[in-house]
Amino acid sequence: MIGASKGIAGCEACGLAQAYSPQVEDTVCARCGSELAFRKSNSISRTWALVIAAYVLLIPANLLPVTSAGSLFGTEKDTIFSGVIYLWTSGSQVLALILFCASIFIPIAKLLSLTFLLLSVQRRSHWNPRLCAKLYRLVEAIGRWSMIDVYVATMLTALVQFGNLMSIRAGSGAIAFASVVILTIFAAKSFDPRLMWDAADQSKDAGK
């Protein structure tokens, strides 16, 4: 908001801060040529669409198998939760906790946080905007770490290949899970954090 009052905007593509005037049409970034704007267009509707799609894909991501292991003795498919249980019962509690947090807790927490922020903005809530801003920055920062389960499945595919004896492949649940992670990353990018301060500024103006 301080930057907006001083006529300064940050480029969403390269991050360069530069002078910006809403009265001037077709203002572009001096470094990368991207269009500059104080606000993200249709932020709420685009973020809601991405969040709802992520909620829908979260169901097959947790119910469908993430890995499919084939051997001479048959094929065994594991979901994310069954993988957590296997690691826990086999004595790898630390790995089980990492997998649970990265693949189950964090994606759900991100979606719930984005839902909370969207509802707060739509209801024009002025409750603790600083805390909401910190929550948004946290959601945006940890987004890429949710891909750890997909990385694990990919490494198993690359490393655990024993010819005709055994092979491990990523299942359809891994595709759904990766889609959830990507959608939540885009949802966090689509959300305009400036909206959280609008209600707070309006309440200050009303109190004067």
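Student: An account of helix α5 (residues 129–141) is needed here, citing residue identities and associated values.
Tutor: With 13 residues, α5 ought to run about 18 Å at 1.5 Å a step, and its terminal C-alpha atoms sit 18 Å apart, in line with that. Among all positions of α5, only Pro129, Cys132, Ala133, Tyr136 and Val139 are buried. Down the axis of α5, the buried set is contained in an arc of 125°. They therefore lie on one face. Of the exposed residues in α5, those oriented more than 90 degrees away from the buried face are Arg130, Lys134 and Arg137.

Student: Can you explain the packing of aromatic side chains? Please cite residues and give values.
Tutor: As enumerated under the stated definition, the model contains one aromatic pair in all. Measuring from ring centre to ring centre gives 5.5 Å for tyrosine 136 and phenylalanine 191, while their planes differ by 45°; the resulting arrangement is tilted. Here tyrosine 136, found in helix α5, pairs with phenylalanine 191, found in the loop between α7 (172–190) and α8 (195–207); they are 55 residues apart in sequence, far enough to count as distant. Comparing tyrosine 136 with phenylalanine 191 shows no difference in burial state: the two are buried.

Student: Give a detailed account of a nonpolar patch on the surface, specifying residues and quantitative values.
Tutor: On the surface, a nonpolar cluster with roughly 280 Å² of combined accessible area is contributed by Val94, Leu95 and Ile98. With respect to the helices and strands, the residue leucine 95 is situated in helix α4 (residues 93–122).

Student: So, the nonpolar core: which residues are in play, and what are the values?
Tutor: The nonpolar side chains of a soluble globular protein tend to be buried with one another. In terms of nonpolar packing, the biggest core is built from 28 residues, with Val51, Leu117, Phe191 and Met196 touching the most fellow members. Listing elements by their share of this core, those giving two or more residues are α2 (43–63), α4, α5 and α7. Broken down by element, this core gets its largest block of residues, eight residues, from α7. Once residues lying within four places of it in the same chain are set aside, the contact partners of leucine 117 are Cys132, Leu135, Tyr136, Phe191 and Met196.

Student: How would you explain α4 if you had to name every residue and give the values?
Tutor: An α-helix turns once per 3.6 residues; consequently, residues spaced three or four apart project the same way. Its 30 residues give α4 an end-to-end C-alpha distance of 41 Å, which sits within 8% of 44 Å, the value for a rise of 1.5 Å per residue. In α4, a bend of some 40° at cysteine 101 exceeds every other bend along the element. The positive-phi residue at the C-terminal boundary of α4 is arginine 124, with phi of around 55°.

Student: Could you give an account of the pattern of salt bridges, naming the residues involved and the relevant values?
Tutor: Two side chains of opposite charge can pair, provided their charged atoms sit close to one another. Per the counting criterion, the structure on display carries one salt bridge. A salt bridge links lysine 189 to glutamate 140; its shortest N-O distance comes to 3.3 Å. Here glutamate 140 lies in helix α5 and lysine 189 lies in helix α7, a separation of 49 residues in the sequence. Overall, the relative accessible area of 28% leaves glutamate 140 in the partly exposed class.

Conventions used here
- Residues numbered from 1 in each chain as written.
- Predicted model: local features only at pLDDT ≥ 70, side-chain atom pairs only at ≥ 80, totals over all residues.
- Heavy atoms only, no water.
- Helix = DSSP H or I, 4+ residues; strand = E, 2+ residues; numbered from the N terminus.
- Expected span 1.5 Å × (residues − 1).
- Buried < 20%, exposed > 50% of the residue type's maximum accessible area, 1.4 Å probe, protein only.
- Arc of directions from axis to C-beta.
- Phe/Tyr/Trp six-rings, centres within 6.5 Å; stacked < 30°, edge-to-face > 60°.
- Patch = residues over 30% accessible without salt bridge, like charges linked within 9 Å, V, L, I, M, F, W, Y side chains within 5 Å.
- Areas by Shrake-Rupley, 256 points an atom, 1.4 Å probe, with all protein chains shown as cover.
- Salt bridge = Lys/Arg side-chain N within 4 Å of Asp/Glu carboxyl O.
- Core = buried A, V, L, I, M, F, W, Y, C linked by side-chain atoms within 4.5 Å.
- Contact = heavy atoms within 4.5 Å.
- Bend = angle between axes of the 7 residues up to and from the residue.

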